[in-house]
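So the chains spell out like this:
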Amino acid sequence: TKAAESITFLGVKDEIPWFPGKISDLDKLKQEILEAGADLSSDHPGFNDQEYRNRRKQIAQIGLNYKHGDKIERVKYTKEETMAWGVIFNKLTSMYSKHACKEVNYVMPMLKNNCGYSENHIPQLQDIHEFLQDTTGFRIRPAAGLLTSRDFLNGLAFRVFHSTQYIRHHSQPLYTPEPDVVHELMGHVPLFADPDFAEFSQEIGLASLGASDRDISRLATLYWFTVEFGVCRQDGVRKAYGAGLLSSFGELEHSMSDVPDIKPFEPDKVCEQTYPITSFQPLYFEAESFERAKEQVKNWAAHMDRPFAVRYNPYTNSVEVLNHS
Ligand code: TIH
Ligand code: FE2
């Protein structure tokens, strides 16, 4: 990430970090393809599998070449990859009726009908992109690898979701510490088709534009405890809406048990909470509804240390900067 927090010197605010002003500016974001040691650390199941590592490099190339407006290249997934998907797909969908929020259960049949979701087929990003365009206007961009929190959140301001395209190593389908196509397609995609959730996600994105490093880290934490690991209460019962829960049958079960701590979703507290990234979460925050959570995040963002406000122009897919002093 670029600059430090904005500093006031002789009354002049400067050092506002660069941010994308129009949707095609997202082509300028740097995507890291991490090499072993960074992404595939030695305890990763793919670390010693040279074939797996080459495969990931090959798929990452699609993200590296991608420019705004391109069609997303289709991946010819192997038999082994499709089988791994099928095992997880069946297990997860069998748990959704009981543990997933109602929005996910409403959208799943549409994904089967429109995007080829099935146990025998790994859905393609381009088909999902077209479906989301028709439902909430969300877009998918294939990502070569990890983006910084700032870049990733900035994408959400434009209703753009950066998605990985490779699949987890088949030896450990239950849980993986990094995003993969199962996590994106089972975890994130259903909710990006929900209008309230789409707005909620964009709200976090807009708050991240030109934010200080400190606020970016707070927003990334808010994102973590909602979009990734959020639970909510529906008809008096705890349900999962976080993608990290919906894509991991190990953690989905864990989050619905009485093992973890559950606290109410309050942005002021949530944004300062620390969390582990390679194991099940010991604590989840429970939202009342996406609509309410969106209002809460909006109010929180209004008090951020940022010398301007932004407004999204959906006709031009660009950001208007307001009252910049
Ligand atoms: N742990 C999730 C899974 O096994 O599907 C993946 C991730 C969630 C959040 C970051 S990576
Ligand atoms: Fe995710």
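Details of the structure are given in the entry above.
Rules behind the numbers
Residues numbered from 1 in each chain as written. Chains lettered and ligands numbered in written order. Predicted model: local features only at pLDDT ≥ 70, side-chain atom pairs only at ≥ 80, totals over all residues. Heavy atoms only, no water. Helix = DSSP H or I, 4+ residues; strand = E, 2+ residues; numbered from the N terminus. Rg over C-alpha atoms; globule rule 2.2 N^0.38 Å. Buried < 20%, exposed > 50% of the residue type's maximum accessible area, 1.4 Å probe, protein only. Contact = heavy atoms within 4.5 Å. Areas by Shrake-Rupley, 256 points an atom, 1.4 Å probe, with all protein chains shown as cover. Lys, Arg positive; Asp, Glu negative; His and termini not counted. Charge placed at Lys NZ, Arg CZ, Asp CG, Glu CD. Donors = N, O, S within 2.8 Å, 3.2 Å for Na, K, Ca; no water. Tetrahedral: all angles 85-135°; square planar, octahedral: opposite > 155°, others 65-115°. Core = buried A, V, L, I, M, F, W, Y, C linked by side-chain atoms within 4.5 Å. 1 Å grid on protein atoms, 1.4 Å probe; cavity = no way out; pocket = protein on both sides within 12 Å on 5 of 7 lines; lining within 4 Å. Points joined across faces, edges and corners; volume = space filled by probe spheres on them. Nonpolar A, V, L, I, M, F, W, Y, C, P; charged D, E, K, R; others polar. Salt bridge = Lys/Arg side-chain N within 4 Å of Asp/Glu carboxyl O. Near = heavy atom within 4 Å. Polar contact = N/O pair within 3.5 Å; in protein donor to acceptor, adjacent residues only side chain to side chain. Axes fitted to C-alpha atoms, helices over the stretch in contact; angles between N-to-C directions. Parallel < 35°, antiparallel > 145°, perpendicular 65-115°, else oblique. Left-handed = near helix turned anticlockwise from the far one by under 90°. Expected span 1.5 Å × (residues − 1).

What follows deals with the overall build of the protein chain. Along its length, the protein chain carries 12 helices and 10 strands. In terms of overall dimensions, the protein chain is globule-like: its C-alpha atoms have a radius of gyration of 19 Å, near the 20 Å expected for 325 residues. Dimensions of the protein chain, computed from the C-alpha atoms along their principal axes, are close to 60 × 45 × 40 Å. Put simply, the protein chain has 325 residues, and 56% of those count as buried. If you take every contact in the protein chain between residues at least 6 apart in sequence, the share linking residues at least 24 apart comes to 66%. Accessible surface, the protein chain: about 15,000 Å² in total, of which carbon and sulfur atoms supply 50%. Averaging the locations of the 35 positively and 45 negatively charged side chains of the protein chain gives two centres separated by 2 Å.

Right, let's get into the coordination of the iron ion (ligand 2). The coordination sphere of the iron ion (ligand 2), as far as protein atoms go, consists of His183 (NE2), His188 (NE2), Glu228 (OE) and Glu228 (OE), spread over 1.9 to 2.7 Å. Bound by 4 donor atoms, the iron ion (ligand 2) shows angles of 54 to 132 degrees at the metal and therefore irregular coordination geometry. Binding-site remark: the iron ion (ligand 2) is held by donors from one chain whose sequence spacing is H-x4-H-x39-E. Histidine 188 shares its class with histidine 183; the two are buried.

A general tendency of soluble globular proteins is for nonpolar side chains to be buried together. Core analysis: the largest hydrophobic core is formed by 95 residues, its most contacted members being Tyr96, Tyr117, Phe158 and Met186. The greatest single-element share of this core, amounting to 8 residues, is contributed by helix α8 (residues 213-228). For tyrosine 96, the residues in contact, after removing those within four places along its chain, are Val104, Asn105, Met108, Met186, Leu246 and Leu252.

All told, the structure shown has 2 cavities of 30 Å³ or more when counted by the stated rule. Reported here for the largest cavity is a volume of approximately 50 Å³. The wall of the largest cavity is formed by His44, Pro45, Arg168, His169, Gln172, Tyr175, Thr176 and Pro177. For the lining of the largest cavity, the residue count by class is 3 nonpolar, 4 polar and 1 charged.

A few words now on the pattern of salt bridges. One pass over the structure, following the stated rule, counts 15 salt bridges. Two residues, lysine 22 and aspartate 25, come together in a salt bridge whose shortest N-O distance is 3.3 Å. Relative accessible area serves as the criterion here: at 8%, aspartate 25 is assigned to the buried category. Of the charged contacts, one joins aspartate 127 and arginine 74 as a salt bridge, the two residues approaching to 2.9 Å between their closest N and O atoms. You can see aspartate 127 sitting in helix α4 (residues 125-135) and its partner arginine 74 sitting in the loop between α1 (50-65) and α2 (79-99), a full 53 residues away along the chain. Aspartate 127 sits in the partly exposed class, given a relative accessible area of 21%. Connected through shared salt-bridge partners, Lys22, Asp25 and Lys28 make up one network.

The next thing to look at is the site of ligand 1. Taken together, Arg168, Tyr175, Thr176, Pro177, Glu178, Pro179, His183, Glu228, Phe229, Gly244, Ser247 and Ser248 make up all the residues around ligand 1. A distance of 2.8 Å separates an oxygen atom of ligand 1 from a polar atom in the side chain of arginine 168. Coverage of ligand 1 by the protein chains reaches 95% of its 320 Å² of free accessible surface.

So, on to the packing of helix α3 (residues 102-115) against α4. Where α3 contacts α4, the axes come no closer than 10 Å and their chain directions differ by 125 degrees. In terms of orientation, α3 and α4 fall into the oblique class. Between α3 and α4 the crossing geometry is right-handed. The segment α3 lies against α4, with Val107, Met110, Leu111, Asn114 and Cys115 engaging Asp127, Ile128 and Phe131. Of the residues in the contact of α3 with α4, the class split is 6 nonpolar, 1 polar and 1 charged.

Looking at the element boundaries, isoleucine 16 is found in the loop between β2 (12-14) and α1. For isoleucine 16, a relative accessible area of 27% translates into the label partly exposed. As a C-alpha pair, isoleucine 16 and proline 307 span 291 residues in sequence and 8.9 Å in three-dimensional space.

Another aspect to go through is α1. The first and last C-alpha atoms of α1 sit 23 Å apart over 16 residues, in line with the 22 Å expected at 1.5 Å per residue. Within α1, burial applies to Tyr52, Arg55, Arg56, Ile59, Ala60, Ile62 and Gly63.

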